[in-house]
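What follows is the residue order along each chain.
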Amino acid sequence: MDIQIAKSIAVALNNELTVSDIQNLLEKPRNSDLGDVAFPCFTLAKKLRISPHTIAVDIQNKLNCDFIQEVQVVGGYVNIFYHQPTITHQVLSQIVKEKNLYGTHQASKGNVVLDFSSPNIAKPFSMGHLRSTVIGNALANIAEKNGYQAIRINHLGDWGTQFGKLIVAYRKWGDQKTIEAAPIEELLKIYVKFHEEAEQDETLNEQARTAFKALEDGDEEALALWQWFRDASLEEFKTIYQLLGINFDSFAGEAFYNDKMAAVVQELEEKELLVQSEGANVVEIANMPPCLITKTDGATLYATRDLAAAFYRKQQYDPKKIFYVVGHEQSLHFTQLFNVIEKMGYDWAKDLQHVPFGMILKEGKKMSTRKGKIVLLADVLTEAIATAKRNIEEKNPNLVDKENVAHQVGVGAVIFNDLKTDRLHDIEFSIEHMMHFEGETGPYIQYTYARISSLLERANEHSDEVSLETLGEEAWPVVLLLEQFPKVIDNAFEQTDPSQIAKYALQLARLFNKYYAHNKVLVDDSQRTSRLAFCYCVAIVLKESLTLLGIAAPKNM
Ligand code: ARG
C-alpha cells in the first residue's frame, strides 16, 4: 500500500521526490483520528523554499485514487484515510489467492550461507548453542521467504588441542561401555578429570600435545578414537535437532578444513601479510589485536580453520551473504577474520556478517551452569513438553494426538521465548512463563491459530470470494496489519532480526482476539462469507509467521 500511496504523491508532486524517498518519509500516525498514513512535507519545504502547509494543501488537492477515502491537512502533514472496503478487498483477495506464498519473493536471488548451532564435540550442547540454533534456523527460513536459497551449515567444533587431552584421558581413565551409554556426559567427565590431574602431573599436557600431533599426522588409532567421539556426540546432538525440527545441509566442521588450510597460509605468505609475533605467525590489523594464524610448530588455530572455511564456502556456493550466528563474545574473532580476508584483497569480505546475540538468563543470572552442573538442553525441552502435556490434560483432555500437540507446543514455547526479544538482548528463561496460554508466548499464538481453525471448521463453508465491504471497526487494524506482512518479512531479513516476525505475530493475534471478542463471525447474515474469508486470512498469516520462526501450528490444542 505504501508504494501505491507514494506513487500517487509522486505524481501530485510532479516527481519532485522519488517514490522511494516518499516511501521513506511516510509515517504511521500515532492515532487513527489522524489517518492511516501521513506524509510530512517539511523536507520538501526546505528544498523548495515553500511553507510545508502550502505543499500539503497542494498535495491534498491533487491526490486522487480509488483507495483513498479522505485527505486532511494538519499543519505540514498530509493525513490520508484509506477507503476501507477497497483496501480490505485488495488485501484479503491477495492472501486468499496466494495463501502461504503471501509475502514470498518468487525471484531467485542466489545463495546465502548460514553458519549456526555449531556445538563442540564431547561438550554439552549449551544454552548459547540453543540460541544460535533457533535464531539461525529462523533466519534461514526468512532468507528463503525473501527469495534466497539458504544453505544451513553446522560448523562443528571437532578439531583442536582439546582432542589430544581427550585421547590421553580416555586411554588413562576411559571405559568404552560407560561412554557408549552416555557419550557426552562421560567424555566431559574424563576431560574435567584431565584438567584436575594435569595440575599435579605436568607431563599430562605434554602427552596431550603428542597425542594431538599424532592425530594431525593421521595416526590411525588416534583418528579412530576421534571419529568415535565425533560420531557419538553428533548422534546426541541430532536427537536435539530432531526435537527442534531443524535440519542442516552440511555438518562440515572444523576438521573438514584440515587439508584446506595450507593453501590459505601460503597465500597469506605470498601476499606478505604474515608476521612473526610472540612465537606465532599473525596478521596484523589496525586498532585491534592481531589475528593468530599458526603457532611456531606449524599448528593451526580456530581462526585458520574459519579462514579456510570462508574460502571454501565462497568457492563452493558463491553466496550473496555468509551469516555467522554466534554469541557476541566472539565479535573480535569475526572482526579479525573479515579484516584478514579484506586485507588479502577480496571485496566479498563485505558479504560476511557476524550475527551476534545475548545470553540466556535464569532469574537474572547466566544459565550455562547451575551449581557447577550443566543444564542439559534435552532436559529443558523434555520439561517444556511435559508441561504442555499437563496443560492439555487440564484444558482439553479429549484432544486427539495429545503427544504430538504437546511436543509442538512445548518446543514452540521454547523457540518463541527466544525469538520474541531483540537478539542482542539477554533473555529470561522460565518454563512456567513461556508456557502460558495468555501473554507474550508461543502457545498464545498457537492457541489463537487453533481457535480460528476450529471456527473455520465449524463454519463448514469456504469461499474464496471476498466482497467489497468494511468488516467493522475492530477488523480494520487487523487488515492494516495483514497488509504489512510482506514488509515485515523484508525488514526481518535486512536487519537479520527474527524478533520482528515474532512481535508481528503477537500483535496480529492480539488484534484478532480483540476483533473476535466483539464480533460474532458465524452469525447468518450478508457479511458471513466476508468475515470467514477475513478469519481465514489471519490464520494463513499467523501460521506462516510461526513457520518462519520454526514453530509448528497445530489445528487443535
Ligand atoms: N564451536 C564454536 C563454539 O561453540 C562456534 C563456531 C561458530 N562458527 C564459526 N564458524 N566459528 O564456540
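Heads up: these notes are all about the structure in this document. (Residues numbered from 1 in each chain as written. Predicted model: local features only at pLDDT ≥ 70, side-chain atom pairs only at ≥ 80, totals over all residues. Heavy atoms only, no water.)

A short note on the overall build of the chain
Alright, step 1. The number of helices and strands found in the chain is 21 helices and 15 strands.
Alright, step 2. Projecting the C-alpha coordinates of the chain onto the three principal axes gives extents of approximately 85 × 65 × 40 Å.
Alright, step 3. Treating the 57 positive side-chain charges of the chain as one cloud and the 75 negative ones as another, the clouds have centres 3 Å apart. (Helix = DSSP H or I, 4+ residues; strand = E, 2+ residues; numbered from the N terminus. Lys, Arg positive; Asp, Glu negative; His and termini not counted. Charge placed at Lys NZ, Arg CZ, Asp CG, Glu CD.)

Digging into the layout of surface pockets
Alright, step 1. Volume-wise, the second largest pocket comes out at about 710 Å³.
Alright, step 2. Taken together, 28 residues form the lining of the second largest pocket, with Lys-28, Asp-36, Leu-480, Leu-481 and Gln-484 sitting closest to its centre.
Alright, step 3. Listing elements by their share of the lining of the second largest pocket, those giving two or more residues are helix H19 (475-494) and helix H20 (499-518).
Alright, step 4. Ranked by residue count, the leading element in the lining of the second largest pocket is H19, at nine residues.
Alright, step 5. Taken together, the residues that form the lining of the second largest pocket break down as 12 nonpolar, eight polar and eight charged. (1 Å grid on protein atoms, 1.4 Å probe; cavity = no way out; pocket = protein on both sides within 12 Å on 5 of 7 lines; lining within 4 Å. Points joined across faces, edges and corners; volume = space filled by probe spheres on them. Nonpolar A, V, L, I, M, F, W, Y, C, P; charged D, E, K, R; others polar.)

Some details on the pattern of salt bridges
Alright, step 1. Inspection of the entire model under this criterion finds 21 salt bridges.
Alright, step 2. Put simply, Arg-152 and Glu-144 hold a salt bridge, and the shortest N to O gap is 3.1 Å.
Alright, step 3. The exposure class assigned to Arg-152 is buried, which follows from its relative accessible area of 10%.
Alright, step 4. In this structure Glu-144 comes out as partly exposed when scored by relative accessible area, which is 32%.
Alright, step 5. A salt bridge links Lys-260 to Asp-259, with the shortest nitrogen-to-oxygen separation between them at 2.9 Å.
Alright, step 6. A residue is classified by how much of its surface remains accessible, and Lys-260, at 23% relative accessible area, is partly exposed.
Alright, step 7. Given a relative accessible area of 62%, Asp-259 falls into the exposed group. (Salt bridge = Lys/Arg side-chain N within 4 Å of Asp/Glu carboxyl O. Buried < 20%, exposed > 50% of the residue type's maximum accessible area, 1.4 Å probe, protein only.)

Examining the environment of His-129
Alright, step 1. Here His-129 shows up in helix H6 (residues 127-145).
Alright, step 2. Using a relative accessible area of 16% as the deciding quantity, one classes His-129 as buried.

Overview of the packing of helix H18 (residues 442-459) against H20
Alright, step 1. Where H18 contacts H20, the two axes come as close as 9 Å, and the packing angle between them is 45°. The angle between the axes of H18 and H20 places the two elements in the oblique class. Along this stretch, H18 crosses H20, giving a crossing that reads as left-handed. Contacts between H18 and H20 involve Tyr-444, Ile-445, Thr-448, Arg-451, Ile-452, Leu-455 and Arg-458 from the first element and Ala-502, Ala-505, Leu-506, Ala-509, Arg-510, Phe-512, Asn-513 and Tyr-516 from the second.
Alright, step 2. Within the contact of H18 with H20, the residues separate by chemical class into 10 nonpolar, two polar and three charged. (Axes fitted to C-alpha atoms, helices over the stretch in contact; angles between N-to-C directions. Parallel < 35°, antiparallel > 145°, perpendicular 65-115°, else oblique. Left-handed = near helix turned anticlockwise from the far one by under 90°. Contact = heavy atoms within 4.5 Å.)

Structural notes on the site of the ligand
Alright, step 1. The environment of the ligand is made up of Asp-115, Ser-118, Asn-120, His-129, His-155, Tyr-302, Asp-306, Tyr-324, Val-326, Gln-330 and Phe-334.
Alright, step 2. His-129 places a polar side-chain atom, nitrogen or oxygen, 2.8 Å from an oxygen atom of the ligand.
Alright, step 3. One nitrogen or oxygen atom from the side chain of Asp-306 is found 2.7 Å from a nitrogen atom belonging to the ligand.
Alright, step 4. In isolation the ligand offers 350 Å² of accessible surface; the protein chains occlude 89% of this area.
Alright, step 5. Broken down by class, the residue content of the shell around the ligand amounts to four nonpolar, five polar and two charged. (Near = heavy atom within 4 Å. Polar contact = N/O pair within 3.5 Å; in protein donor to acceptor, adjacent residues only side chain to side chain. Areas by Shrake-Rupley, 256 points an atom, 1.4 Å probe, with all protein chains shown as cover.)

Describing the pairing of strand E8 (residues 288-295)
Alright, step 1. The sheet contact formed by strand E7 (residues 280-285) and E8 spans five bridges and is antiparallel. Among the inter-strand pairings, Asn-281 is bridged to a residue of E8, identified as Thr-294.
Alright, step 2. The antiparallel hairpin formed by E7 and E8 contains two residues in its connecting segment, where Asn-287 sits at a positive phi of about 65°. (Pairing = 2+ DSSP bridges.)

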